[in-house]
Amino acid sequence: MWPNASSLGPCFRPMNITLEERRLIASPWFAASFCLVGLASNLLALSVLMGARQSSSQSRSSFLTFLCGLVLTDFMGLLVTGAIVVTQHFVLFEWQAVDPGCSLCHFMGVIMVFFGLCPLLLGAAMASERFLGITRPFSRPATASQRRAWTTVGLVWASALALGLLPLLGVGHYTVQYPGSWCFLTLGTDPGDVAFGLLFALLGSVSVGMSFLLNTISVATLCHVYHGQATAQQRPRDCEVEMMVQLMGIMVVASICWMPLLVFIAQTVLQSPPAMSPTGQLSRLTERQLLIYLRVATWNQILDPWVYILFRRAVIQRFYPRLSTRSRSLSLQPQLTRRSTIH
């Protein structure tokens, strides 16, 4: 692949960086604190979710199942990737000496792609579920909602894992990235690298765009029903509004954290002249930009659980007491339910 591939392995590119530079760039205490805060945040969100699921309705139970899948994914992503990165920052080991066969690099590349795509795909799946729940509330059997939600989460995990395994099957490559503490897809000119980089960026961007479109329609439908004069008795319940607020928060966080990295990957692999030299070198500016955008993307795993923790009715009622004194509203289509009961 590159001139040094036969001697060092296919995952190593030329990277001119000193040990002192690595110490300045990679702070072990910051990395460890970042992971601990993220793990604690996701554990807190999981404990709150477990309590909420026990007293939830069918529609909310499905939504909480998706949230559980999202929080579990974020927790495992921080745990697995953090264990590798924090260890590397503390020990400052030479990747070539520890992993000459690139097995650890390939493993980290797979999990980086997997845990990167899963939150975006789950966000799109949650947006689809809420879109159908709001616009077509009687199109699906409520009794199967939780089982269907877990099936969807499983399909998302399987799809993200299948994409992450493509470089191991010959489509693209995983390489050690600047400053030598992590592995990710290669921003090179090889057709496989270009195809894999574009596929990753396109799938992530489409997921964010799909979430934005469906959430916008769902919010517009809720606003129309809530403020409609002729449907004053068909206003959405507080839980439906709460779910949409949380989903919009998750979408905004994912967009802010991930879109810079996805756009950067697409721009870099399509750049002319190529960003990567024939020997596998990237400019120091490109390497630093990739590192910065990746660090911004990892904030998604910390902020996701706090969207759910902070945007619950119990928390909102502390700042907006009138919400707790409102009379309980009816569901979106109570008259249809009443008619079906009569017949």
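Residues numbered from 1 in each chain as written. Predicted model: local features only at pLDDT ≥ 70, side-chain atom pairs only at ≥ 80, totals over all residues. Heavy atoms only, no water.

The name given to the chain in an unreviewed UniProt entry is Thromboxane A2 receptor, with the source organism recorded as Bos indicus x Bos taurus. Taken verbatim from the UniProt record of the chain, the Subcellular location (unreviewed entry) comment is "Cell membrane". (UniProt positions renumbered as here; feature names shortened; annotations may be inferred.)

Where do I start with the overall build of the chain in this structure?
Secondary structure assignment for the chain yields 13 helices and two strands. Taking contacts inside the chain between residues at least 6 apart in sequence as the whole, the part at least 24 apart equals 81%. Carbon together with sulfur atoms contributes 66% to the accessible area of the chain, which is approximately 16,400 Å² in total. (Helix = DSSP H or I, 4+ residues; strand = E, 2+ residues; numbered from the N terminus. Contact = heavy atoms within 4.5 Å. Areas by Shrake-Rupley, 256 points an atom, 1.4 Å probe, with all protein chains shown as cover.)

Would you explain the environment of L161 in this entry?
You can see L161 is positioned in helix α7 (residues 145-164). The partly exposed category is assigned to L161, whose relative accessible area is 39%. For the pair L161 and V110, spaced 51 residues apart in sequence, the C-alpha to C-alpha distance is 7.3 Å. In contact with L161, not counting residues within four places along its chain, are V110 and F114. (Buried < 20%, exposed > 50% of the residue type's maximum accessible area, 1.4 Å probe, protein only.)

Before we go on, may I ask you to explain a nonpolar patch on the surface in this structure?
A contiguous nonpolar surface patch, about 460 Å² in accessible area, is contributed by L44, V241, V245, W306, L310 and F311. Residue position: W306 is located in helix α10 (residues 284-310). Its relative accessible area of 32% is what places W306 among the partly exposed residues. (Patch = residues over 30% accessible without salt bridge, like charges linked within 9 Å, V, L, I, M, F, W, Y side chains within 5 Å. Salt bridge = Lys/Arg side-chain N within 4 Å of Asp/Glu carboxyl O.)

How do you make sense of the pattern of salt bridges when you look at a structure like this?
Any two side chains of opposite charge can pair if their charged atoms end up close together. Evaluation of the coordinates by the stated rule reveals two salt bridges. Linking E129 and R130 is a salt bridge whose minimum nitrogen-to-oxygen distance equals 3.1 Å. Across this residue pair, the class does not change: E129 and R130 are buried.

Please clarify how the UniProt feature "transmembrane region" (unreviewed entry) in the chain should be interpreted in this entry.
As annotated by UniProt and renumbered to match this structure, "transmembrane region" (unreviewed entry) occupies residues 29-51, 63-86, 106-128, 149-174, 194-226, 247-270 and 290-311. Spanning residues 29-51, this segment combines 100% helix with 0% strand, and its end C-alpha atoms are found 33 Å apart. Secondary structure content for residues 149-174 is 62% helix and 4% strand, while the C-alpha to C-alpha distance between its ends is 32 Å.

Teacher, can you tell me more about helix α6 (residues 103-135) here?
In an α-helix, one turn spans 3.6 residues; hence positions three or four apart end up facing the same way. Between its terminal C-alpha atoms α6 stretches 48 Å, which fits the 48 Å expected from 33 residues at 1.5 Å a residue. At C118, α6 is bent by approximately 25°, the largest bend along its length, and proline P119 sits one to four residues beyond. (Expected span 1.5 Å × (residues − 1). Bend = angle between axes of the 7 residues up to and from the residue.)

Looking at this model, I keep getting lost on the side chain of T286. Mind explaining?
In this structure, T286 sits in helix α10. Under the relative-accessibility criterion, T286 is labelled buried at 11%. Here the side chain of T286 touches S283 through a polar contact of 2.8 Å, side chain to side chain. Among residues more than four places away in sequence, those in contact with T286 are F264 and T268. (Polar contact = N/O pair within 3.5 Å; in protein donor to acceptor, adjacent residues only side chain to side chain.)

Would you take a moment to explain the pairing of strand β1 (residues 174-177) for this structure?
Successive residues of a regular strand alternate their side chains across the two faces of the sheet. As defined by bridge partners, β1 adjoins strand β2 (residues 182-185) across four bridges and the pair is classed as antiparallel. Considered in β2, the bridge of Q177 is made with W182. Between β1 and β2, which pair antiparallel and follow one another directly, the connecting turn spans four residues, one of which, G180, has a positive phi of 95°. (Pairing = 2+ DSSP bridges.)

Even after reading the chapter, I still don't get the packing of aromatic side chains, so can you show me in this structure?
For any two aromatic rings, the description comes down to two numbers: the centre-to-centre distance and the angle of the planes. If you walk through the whole model with that rule in mind, you get nine aromatic pairs. Ring plane angle 85° and centroid distance 6.0 Å describe the contact between Y174 and F196, whose orientation is recorded as edge-to-face. Placement of the pair is Y174 in strand β1 and F196 in helix α8 (residues 191-227), with a sequence separation of 22 residues. On the accessibility criterion, F196 (1% relative accessible area) is buried. Seen in terms of ring centroids, F200 and W258 are 6.4 Å apart; in terms of plane orientation they differ by 65°. Their pairing is edge-to-face. One end of the pair, F200, is in helix α8; the other, W258, is in helix α9 (residues 238-269), and 58 residues separate them in sequence. As far as the burial class goes, F200 and W258 line up, both buried. One aromatic cluster is present, built from ring pairs that chain together W182, F184, F200 and W258. (Phe/Tyr/Trp six-rings, centres within 6.5 Å; stacked < 30°, edge-to-face > 60°.)

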